[in-house]
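# Inside the fold
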Amino acid sequence: MELDKMDENEWRYHGEGNKSLVVSHVQLSIVLRLLKYPAEDSENPPQTVEQAFRQVQNIVDFSSNVMSCLLGEKFVHSGEVVKLPLEFVRQLSIKVQHQRPAWRCDKVMDIYSGCALCLPNLTSPTLHQPTHTPTLCIEIKPKCGFLPYSKHVSQDIKTKVCRFCMHQHYKVAMGTWKRRSRYCPLDLFSGNRQRMHFAIRQLIDEPQNNLKIFKGGRCIFSSMDGIEDSMDLNSLLHHLRPYFQYGNNRINSHMTSKALLTDFIQVVVNALLSAGGGDGGVGTDRRGEGRSFCEASLFNKERSRHGSQGSPSDSVLYRVRQTQMLDTLDIEGLYPLYRRVEQHLQDFPKERTRLQMDGPYNEAFLEKLHKCPSEDDGSLEYAVSKVHQYRVAMTAKDSQIMVALVPSCEEEEDDEGLPGQRQHRDFLSSRPPAFSYSVSILDLDPKPFDNIPRQLRLDQNIVSCYLRSSCALP
Ligand code: ATP
Ligand code: MG
Ligand code: ZN
Ligand code: MG
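Residues numbered from 1 in each chain as written. Chains lettered and ligands numbered in written order. Predicted model: local features only at pLDDT ≥ 70, side-chain atom pairs only at ≥ 80, totals over all residues. Heavy atoms only, no water.

This brings us to the coordination of the magnesium ion (ligand 2). Binding of the magnesium ion (ligand 2) to the protein goes through Gln400 (OE1) and Asp443 (OD), at separations of 2.2 Å. Among the residues examined, Gln400 registers a relative accessible area of 10% and is labelled buried. (Donors = N, O, S within 2.8 Å, 3.2 Å for Na, K, Ca; no water. Buried < 20%, exposed > 50% of the residue type's maximum accessible area, 1.4 Å probe, protein only.)

Right, dumping it as structure tokens:
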């Protein structure tokens, strides 16, 4: 990619979240991730070019120096900051505008700074691809996978019903979504294949912003994305069918939709439980055992009593959950520590830099995060350390897991893939055909310090809404 010869015709709209818009290259397996601003700021950007550059650099540093250490290098691709010609960015923004879903258009793409993040395209990585079959990719935003166990939790319901399930009631009440999702993160993180299967099945039923499926790098299934054939289970099955016609099925030609979906989900479950190609132990995640079931989950409770011993400690799910669990105090226990830091910063504004409240996210930051007194000794250091840990946990709760799959060809297992590409491959050898896969974690942006009070209010709103609506239930 030559930065001085950028041509908008070589890029297409790929997707977006709340903070950024992503375009993918039509030939190379790379994407550009651009910042977004609230539409009302579109005339004058809310930050200078230098600030935008700093923001994107912070994202790279946070991902590569902090999140990557906690989640495992093999899962994290941090990318690099690029400075794009402004004319290219302007043309690109015009080109993609009509493909953007209407509900995302309260924000506009940043066309002023020219700063962007260049990342490998994780929906179409260069996997071992003997057959040239397009890559299938499943993107899951799993959200928080554990119940808070902090003594600071004031409402008992928070220790019984998980945050995601409670939040669903609030989102429907606020009109964010029309229907509640029956997905429960605790099922996905359980390590129990049946519960995981159930969780993914619920995601397919009601994807909201927790599930997207790509084929050959293009989104074929998502929610409200304005893509014509999205959200349609039949069209998804149609896309999946060629990947799962095998053995007897291939000869007998027709496989039931249920069997197809079951096989597909099983492949995803296998990839999520796998070591992702790295070494490491076979231990399981036993922390938080005994409270690993959410009372709002519809998974058959009797069945789940048995065998939910957590995911293998070398799996992506284990790493994500472990990082989420750096939120040890819950927002209720964290908030007073936030106030302690904030008070100090009001008295000594210059301390903001020394304490690295807005970065830089380097080794010193990671050290502050790790060097935390075990008890609250009333010190500023304790409070800062806990605030940093909480922010890291927030990032892990908001990230997405990408599982890219291609059918593997058993005859050719010797190819090692491209050097320098930190992907891992493995061959899943269960009943469905073997798939070569790569698992990654994305969207690892730092969450601002100043957002913490908003988190407390949101938590209170969600809990009171849940208590009201669950009381109203028959
Ligand atoms: P959120 O609202 O979840 O915070 P965000 O604004 O931070 O989202 P991302 O989640 O990073 O943005 O990116 C938006 C979408 O773009 C993702 O859901 C994913 O589908 C796609 N995407 C992002 N990075 C990549 C990548 N490296 N390869 C392929 N697709 C990507
Ligand atoms: Mg995202
Ligand atoms: Zn739940
Ligand atoms: Mg994000």
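Resuming the write-up.
Here we come to the sheet that holds strand β7 (residues 136-140). Spatially, the 5 strands line up as an open sheet ordered β9-β8-β7-β10-β11, and their pairing is antiparallel. What marks the edges here is a single partner per strand, and that holds for β9 (218-221) and β11 (435-442). Neighbour-to-neighbour, the strand axes of the sheet open up by a mean angle of 25°, direction not taken into account. Sheet topology places β7 next to strand β10 (residues 400-407); 5 bridges connect them, and they run antiparallel. (Pairing = 2+ DSSP bridges. Helix = DSSP H or I, 4+ residues; strand = E, 2+ residues; numbered from the N terminus. Axes fitted to C-alpha atoms, helices over the stretch in contact; angles between N-to-C directions.)

All right, on to the packing of aromatic side chains then. If you walk through the whole model with that rule in mind, you get 12 aromatic pairs. Where Phe198 meets Phe299, the ring centres are 5.4 Å apart and the plane angle is 75°; that geometry is what we call edge-to-face. Note that Phe198 is positioned in helix α5 (residues 193-205) and Phe299 in the loop between α8 (257-273) and α9 (301-304), a separation of 101 residues in sequence. Of the residues examined, Phe299 reaches a relative accessible area of 2% and is grouped as buried. Centre to centre, the rings of Phe244 and Phe264 are 6.2 Å apart; their planes meet at 85°, and the pair counts as edge-to-face. Placement of the pair is Phe244 in helix α6 (residues 233-244) and Phe264 in helix α8, with a sequence separation of 20 residues. The pair formed by Phe244 and Phe264 is uniform in burial state, with each residue classed as buried. Here the aromatic residues Phe62, Tyr361 and Phe365 are joined through ring pairs into a cluster of three or more. (Phe/Tyr/Trp six-rings, centres within 6.5 Å; stacked < 30°, edge-to-face > 60°.)

Near ligand 1 you find 22 residues, and of these Asn18, Lys19, Ser20, Glu139 and Lys141 are the closest. Within the contact set of ligand 1, a nitrogen atom lies 2.9 Å away from a backbone nitrogen or oxygen of Leu122. One nitrogen or oxygen atom from the side chain of Gln400 is found 2.8 Å from an oxygen atom belonging to ligand 1. A total of 620 Å² of accessible area belongs to ligand 1 in isolation, and the protein chains cover 95% of it. Only β1 (11-16), β2 (20-25), β3 (30-38), β6 (115-120), β8 (211-215) and β10 provide two or more residues apiece to the shell around ligand 1. Across the shell around ligand 1, the residue classes break down as 8 nonpolar, 7 polar and 7 charged. (Near = heavy atom within 4 Å. Polar contact = N/O pair within 3.5 Å; in protein donor to acceptor, adjacent residues only side chain to side chain. Areas by Shrake-Rupley, 256 points an atom, 1.4 Å probe, with all protein chains shown as cover. Nonpolar A, V, L, I, M, F, W, Y, C, P; charged D, E, K, R; others polar.)

This brings us to the environment of Ser24. Within the fold, Ser24 resides in strand β2. The buried category is assigned to Ser24, whose relative accessible area is 2%. Separated by 193 residues in the primary sequence, Ser24 and Gly217 have C-alpha atoms spaced 8.5 Å apart. If sequence neighbours within four positions are ignored, Ser24 has contacts with Glu10, Trp11, Arg12, His14, Ile30, Val31 and Asn121. (Contact = heavy atoms within 4.5 Å.)

At a minimum axis distance of 9 Å, the contact between helix α11 (residues 330-347) and helix α14 (residues 380-397) shows a crossing angle of 125°. With respect to each other, α11 and α14 are oriented oblique. Along this stretch, α11 crosses α14, giving a crossing that reads as left-handed. Touching Ile331, Leu334, Leu337, Tyr338, Arg340, Val341 and His344 of α11 are Leu380, Tyr382, Ala383, Val384, Lys386, Val387 and Tyr390, all from α14. The residue inventory of the contact of α11 with α14, partitioned by class, reads 11 nonpolar, 1 polar and 2 charged. (Parallel < 35°, antiparallel > 145°, perpendicular 65-115°, else oblique. Left-handed = near helix turned anticlockwise from the far one by under 90°.)

On to the nonpolar core, then. Ranked by size, the top nonpolar core spans 70 residues in total, and within it Ile204, Phe244, Phe264, Leu272 and Val316 carry the most contacts. Of all the elements, α8 adds the most residues to this core, at 10 residues. Contact partners of Phe264, with chain neighbours within four places excluded, come to Leu136, Ile138, Ile204, Ile213, Leu240 and Phe244. Within the second largest apolar cluster, 20 residues are counted, among which are Leu355, Cys372, Leu380 and Val384. (Core = buried A, V, L, I, M, F, W, Y, C linked by side-chain atoms within 4.5 Å.)

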